[in-house]
Amino acid sequence: MYYAWLENPKSVHKIRGHHVAQLDPLGILDADLDSFVPSDLITTIDKLGFYGLHESDLDKVFQLPTTTFIGGNENSLSLREIIKRLENTYCQHIGLEFMFINDVEQCQWIRQKFETPGVMKFTNEEKRTLLARLVRSMRFEDFLARKWSSEKRFGLEGCEVMIPALKTIIDKSSEMGIEYVIMGMPHRGRLNVLANVIRKELEQIFCQFDPKLEAADEGSGDVKYHLGMYHERINRATNKKITLSLMANPSHLEAVDPVVQGKTKAEQFYRGDTAGKKVMSILLHGDAAFAGQGVVYETFHLSDLPSYTTNGTIHVVVNNQIGFTTDPRMARSSPYPTDVARVVNAPIFHVNADDPEAVMYVCSVAAEWRNTFNKDVVVDLVCYRRRGHNEMDEPMFTQPLMYKQIHKQVPVLKKYADKLIADGTVTLQEFEEEIAKYDRICEEAYTRSKDNKILHIKHWLDSPWPGFFNVDGEPKSMSCPPTGISEDLLTHIGNVASSVPVKDFKIHAGLSRILRARLEMTKNRVVDWALAEYMAFGSFLKEGIHVRLSGQDVERGTFSHRHHVLHDQEVDKRTCVPMNHLWEQQAPYTVCNSSLSEYGVLGFELGFAMASPNALVCWEAQFGDFHNTAQCIIDQFISSGQAKWVRHNGIVLLLPHGMEGMGPEHSSARPERFLQMSNDDSDAYPEFSEQFEVSQLYECNWIVVNCSTPANYFHVLRRQILLPFRKPLIILTPKSLLRHPEAKSSFDEMVSGTTFQRVIPENGLAARAPHEVKRVIFCTGKVYYDLVKERKNQDLEKQVAITRLEQISPFPFDLLKEELEKYPGADLVWCQEEHKNSGYYDYVKPRFRTIVNHTRPIWYVGREPAAAAATGNKNTHLVSLRRFLDTAFNLEAFEGKTF
C-alpha cells in the first residue's frame, strides 16, 4: 500500500500539497479560496489508515522508488522522514501545481528542482544581495510616501519582494544568454520597477510629481504610472549587456499583454532568434485582472501558435488577494487566480511573498524552465496590499478584518533583516548603512529633480527606432516620393502570383482557374484587388521590407480572393507561399491565419509593428465590424498612442466594409467611429503649401481611407512605408468589388511616377463643361459604382459630376476646394450607402462647409438613421438602395428646402 502511495506519479502531496501550503503572509485566507484539506493528504497520524498504514509503520524504513528525488543520495528512508520531506517540499511556503502537465519529462524536471534536499540553500553573498534589493524596493516606496503623501503612485507596499524577484529572473535569464527582456505590467509598483529594475534615473521619476512641470513634446502625455521605458545597461550579476523595455500601457488592465508578445515576437524575428534564446518577455499581472480579463486567455492561446509564439513567457502575478474593494470569492469562480494558465500546461508556482528566499528560488526555477522547455510559466506571489487601491483610498470600509491584520503585519524587509542579523549573515550596522546609502541616493536625486522644469515624453519612449528620425525625433524630410513602380516589376510579380513555384505540387482545380485569370490580367496590363495587393506586398519584399499579414483566414482570404498560401491536394500539410519565391534576395513574407480572436491578435500585431519602422504589418478583420471586440486596442493604443507616449506606429487595419444585404453584422466597419476619433479640426481652414499633403498626414493621429480602385489600394499601401514617419492606416476594404468587372486598374495607374489619389475627380462628360453641371455628388467606396451605373441609366452624365473621396481623414481640403470651385452653380451632395447616423456624413459635412465658408449647403443622400448598421432583409436593402439612388439623381430633390 505504501508503494501505491509514493510511487504513483500523481502522488497526492505533489498534486494537492498546494491546498495546505502556508501561502498567505497574513495567515487569514486560503490562497485557493477553500479551507478544505484533501482527505487523502497525510496531514495527521489518523490519515495513515487511508493507505492501510499505522502509526507503528512511521519508523519503518522503506526503499525509495526511482521516480522521487526526496532521498538525495539515500536510497531508503523511514516513513516519518518521507512524510516530513514531502511536506517540506509541497506544503510549506511554496505550493506547486504541475501534475496536470501531460509530459513526464517536464514533471520530473520540476520534481527534481524542488524535491532534492538542500536545493533552497543560499550563499551569504546571495542573501546580502537579496537584502540590498529589498532595501531599495522598500525605501523607494517610503521615500515617495514621505515626499508626496497625498499623490497617487500605486505603490508596491506589501509585495516589495517583486523587485528582487524580477531582478532574479533577469539575472538568471542573462546568465543563460538572454540579451533583451520586454516587460508589460499594470500600474501597481510601476515606478519602483522603473527605478530599481529598468534603472530609470531617479530624478526623472521624482520630477514627474512636480505639478509645475511643463510638457515639451507634442501630444497629451500620460500619467506617470502608465509610462514606459527603454534602457540598455550592463547586468551587474552577469557582467553582460542587457536591454530592458517596459511597455507603456493604459489603465485597461491586461490590455498590454498581447502588445508585449507581439513586440517580443518581432524582436526575435529580426534577430533570427527562432528559439527565443536572445529575447524574452515577462508579464506582470494583478490577481483580479489575471482571472477576470478575457484578453489573458486570448494571449495564452497565442503562446504555442507557430507565427505567434514567443517561446515561453514568465508571468508574475502580484496576488494581493483583493481587487480594488472586491474579495476573491466575488472576483473569480476558480480556486486560484492563476488557473487560466492551466489551459496551456504552464506550471504554476505559488509562493508566500513574505519568504524572500523561497520567492528567489521559485523565480530562478521559472527562468530555467522557460530556457529549457520554451513554455510559459506562472509565479504567483501571494502577498497583500498595505494601503488601499491607491494611496488616497480607505480600504477599511470594505475589508476591515483584513486591514486590521495588515496594520499589525511586520514588513518583509524587517522580518528578513532580523533573520539575517540573527544568523550572523549581516550586522545591524551593515543593514542600517545599506538603508542610509539608498536614502542618500534618493535625496540627492530629489535635489537634482528640482532643476527639471520641462518634461520630455520621448525620454520615456519604450520602442525607439535608431536612425529613422533626426536626433531630435523629427522626420528627416516632409515629402513622400511617388509610389508607383516599374512595369517590369509589376509584370514579374504578376507572373509569380499566377504560378506555382514549387515542383510536383498539385493545386486545386478551382485555384488553377484563378491563377490562369491572374496571368491573363498580367498580360493585359490590368489588376484586380487581390493582384494589386500582391504587387504592393511583393514590391516591398524586393526593397528589403518585411511584410506580415495576420488575421482570421487571411491566407486564403475570407472571400476566397487572396490565396497567398497554396495547399498540395495530395500531400497533407504541404504548402507553398509564392510570395517568398519572387527573388533570391528578398525580405520574408509572413502570412498567418490567426486564432479566432480580435482583441489579442490586433494587440499582438500592434506590438509587432512597434519593433521596426521598416515593415508593413497588416491585420485584417474577418468582417469590418468585428474590430469592435478589439476596441480597447484601437482606442487606447492605436488612436492615441502617439499623443500619449510619442510612439509612432504604422500598423494597417484592413476592414471589409459595404452594404450588400448581408445583415447587420457583416456590413459596416463603423467608419464613423474612426472618423470621430480623428484629430483634425473641422472648423479650421488650413493653409495650403507644397508640403500640405505630407504635413497634414504628419499632424494627424491616423489615416482613414476607402479606396474605390485596386491601383489606389496599391498606392496607399506603398505610401505607408515611403512616408518619412509612421501613422496607423485604417482601410475600409471591399467585398463585392473584389470581383466587380469595373473595379480593375491598368498598369498605367501604377507605374513609376504615379501616386495615391486622395480624391478622384470626375473625368467624364461633366468635367468637360463644368458650368453646365447641375449637381456634384461626393462619395467614397463602393457606392460610386452604383451611382455611375444609375447616372448612365438616367442619361445624366453631363448634368451630374461624381467625385470620389479616397482619403477621408485627414480631410483633403486642398483638392476638394478645387473641385468645389470647378462647379460654382451646382448642388453639392454627399451620398453614402450607410445610414445617416453612421458612415461619413457627420464628419464631412462641417469640413465641406468650412471650405465654402458656410455659403453653400452640402445635402445628404443615403439611408435614414437606424439603430442597426444594416437590414437583415434583402428586399428592404434593395428598396432603400433604390430610394436613395432616385434621390441622388432627382435634380429637383432639394428645391425650396433650407439647410
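Residues numbered from 1 in each chain as written. Predicted model: local features only at pLDDT ≥ 70, side-chain atom pairs only at ≥ 80, totals over all residues. Heavy atoms only, no water.

Q: Quick one: what's the story with the overall build of the chain, residue by residue and with numbers?
A: Helix and strand content of the chain: 30 helices and 28 strands. The C-alpha radius of gyration computed for the chain amounts to 32 Å, which stays within 12% of the reference 29 Å derived for 899 residues, consistent with globular compactness. Overall, the C-alpha framework of the chain stretches about 110 × 70 × 50 Å when taken along its three principal axes. Put simply, the chain has 899 residues, and 60% of those count as buried. Contacts in the chain between residues at least 24 apart in sequence constitute 81% of all its contacts with a sequence separation of at least 6. The centroid of the 103 positive side-chain charges in the chain is displaced by 1 Å from the centroid of its 116 negative side-chain charges. (Helix = DSSP H or I, 4+ residues; strand = E, 2+ residues; numbered from the N terminus. Rg over C-alpha atoms; globule rule 2.2 N^0.38 Å. Buried < 20%, exposed > 50% of the residue type's maximum accessible area, 1.4 Å probe, protein only. Contact = heavy atoms within 4.5 Å. Lys, Arg positive; Asp, Glu negative; His and termini not counted. Charge placed at Lys NZ, Arg CZ, Asp CG, Glu CD.)

Q: So, the layout of surface pockets: which residues are in play, and what are the values?
A: Estimated volume of the second largest pocket: approximately 870 Å³. For the lining of the second largest pocket, the secondary structure elements donating two or more residues are helix 5 (124-147), helix 6 (162-175), helix 7 (190-198), strand 6 (229-235), helix 13 (356-373) and helix 16 (428-449). Among the elements that line the lining of the second largest pocket, the one with the most residues is helix 6, at eight residues. Of the residues that constitute the lining of the second largest pocket, the class distribution is 11 nonpolar, six polar and 14 charged. (1 Å grid on protein atoms, 1.4 Å probe; cavity = no way out; pocket = protein on both sides within 12 Å on 5 of 7 lines; lining within 4 Å. Points joined across faces, edges and corners; volume = space filled by probe spheres on them. Nonpolar A, V, L, I, M, F, W, Y, C, P; charged D, E, K, R; others polar.)

Q: Tell me what's going on with the sheet that holds strand 19 (residues 652-656), and back it up with residues and numbers.
A: Spatially, seven strands are ordered 17-14-18-19-21-20-26 in an open sheet, and the strand pairing comes out mixed. Every interior strand has two partners, whereas the edge strands, strand 17 (589-593) and strand 26 (807-809), have only one. This sheet shows a mean twist of 20° between the axes of neighbouring strands, independent of strand direction. Bridge count between strand 20 (residues 703-705) and strand 26: two bridges; the pairing is antiparallel. When the sheet's bridge partners are listed, Val 705 is paired in strand 26 with Gln 807. Its contacts with the sheet place helix 19 (residues 529-542) against strand 14 (546-551), strand 17, strand 18 (615-620) and strand 19, and it is angled at close to 140° to strand 14. (Pairing = 2+ DSSP bridges. Axes fitted to C-alpha atoms, helices over the stretch in contact; angles between N-to-C directions.)

Q: Give a description of the pairing of strand 3 (residues 94-97) that names residues and reports values.
A: Burial along strand 3 is two-sided: the face carrying Ile 94 and Leu 96 and the face carrying Gly 95 and Glu 97 are both buried. Pairing analysis gives four bridges linking strand 3 to strand 10 (residues 348-352), with the strands arranged antiparallel. Pairing of Ile 94 across the sheet is with Val 351, part of strand 10.

Q: Explain the packing of helix 20 (residues 599-610) against helix 21 (residues 631-639) to me, using residue names and the numbers behind them.
A: Helix-helix packing: each pair is described by the crossing angle between the helix axes and the interaxial distance. Look at helix 20 against helix 21: their axes get within 9 Å of each other, and the N-to-C directions meet at 20°. Looking at the two axes, helix 20 sits roughly parallel to helix 21. Crossing handedness for the pair helix 20 and helix 21: right-handed. Facing Tyr 599, Leu 602, Gly 603 and Leu 606 of helix 20, the residues of helix 21 in contact are Cys 632, Ile 633, Ile 634, Phe 637 and Ile 638. Tallied by class, residues from the contact of helix 20 with helix 21 come to eight nonpolar, one polar and no charged. (Parallel < 35°, antiparallel > 145°, perpendicular 65-115°, else oblique. Left-handed = near helix turned anticlockwise from the far one by under 90°.)

Q: Let's hear about the environment of Val 844: which residues, and what values?
A: Note that Val 844 resides in helix 29 (residues 841-851). The exposure class assigned to Val 844 is buried, which follows from its relative accessible area of 0%. For Val 844 and Tyr 297, which are 547 residues apart along the polypeptide, the C-alpha to C-alpha distance reads 40 Å. When neighbours within four sequence positions are excluded, Val 844 is seen to be in contact with Leu 805, Ile 808, Phe 811 and Trp 830.

Q: Account for the packing of aromatic side chains, with residues named and values stated.
A: In this description, an aromatic ring pair is defined by two values, namely the gap between the centres and the angle between the planes. Summed over the entire model, instances satisfying the criterion amount to 39 aromatic pairs. Here Trp 109 and Trp 369 contribute two aromatic rings whose centre-to-centre distance is 5.8 Å and whose plane-to-plane angle is 65°, an arrangement assigned as edge-to-face. Note that Trp 109 is positioned in helix 4 (residues 104-115) and Trp 369 in helix 13, a separation of 260 residues in sequence. An identical accessibility class is assigned to Trp 109 and Trp 369; each is buried. (Phe/Tyr/Trp six-rings, centres within 6.5 Å; stacked < 30°, edge-to-face > 60°.)

Q: Can you lay out helix 13 for me, pointing to particular residues and giving the numbers?
A: With 18 residues, helix 13 extends 26 Å from end C-alpha to end C-alpha; this agrees with the ideal 26 Å at 1.5 Å per step. Along helix 13, 17 of the 18 residues are buried, which leaves the element largely enclosed by surrounding structure. After helix 13 finishes, the residue Asn 374 shows a positive phi value of roughly 55°. (Expected span 1.5 Å × (residues − 1).)

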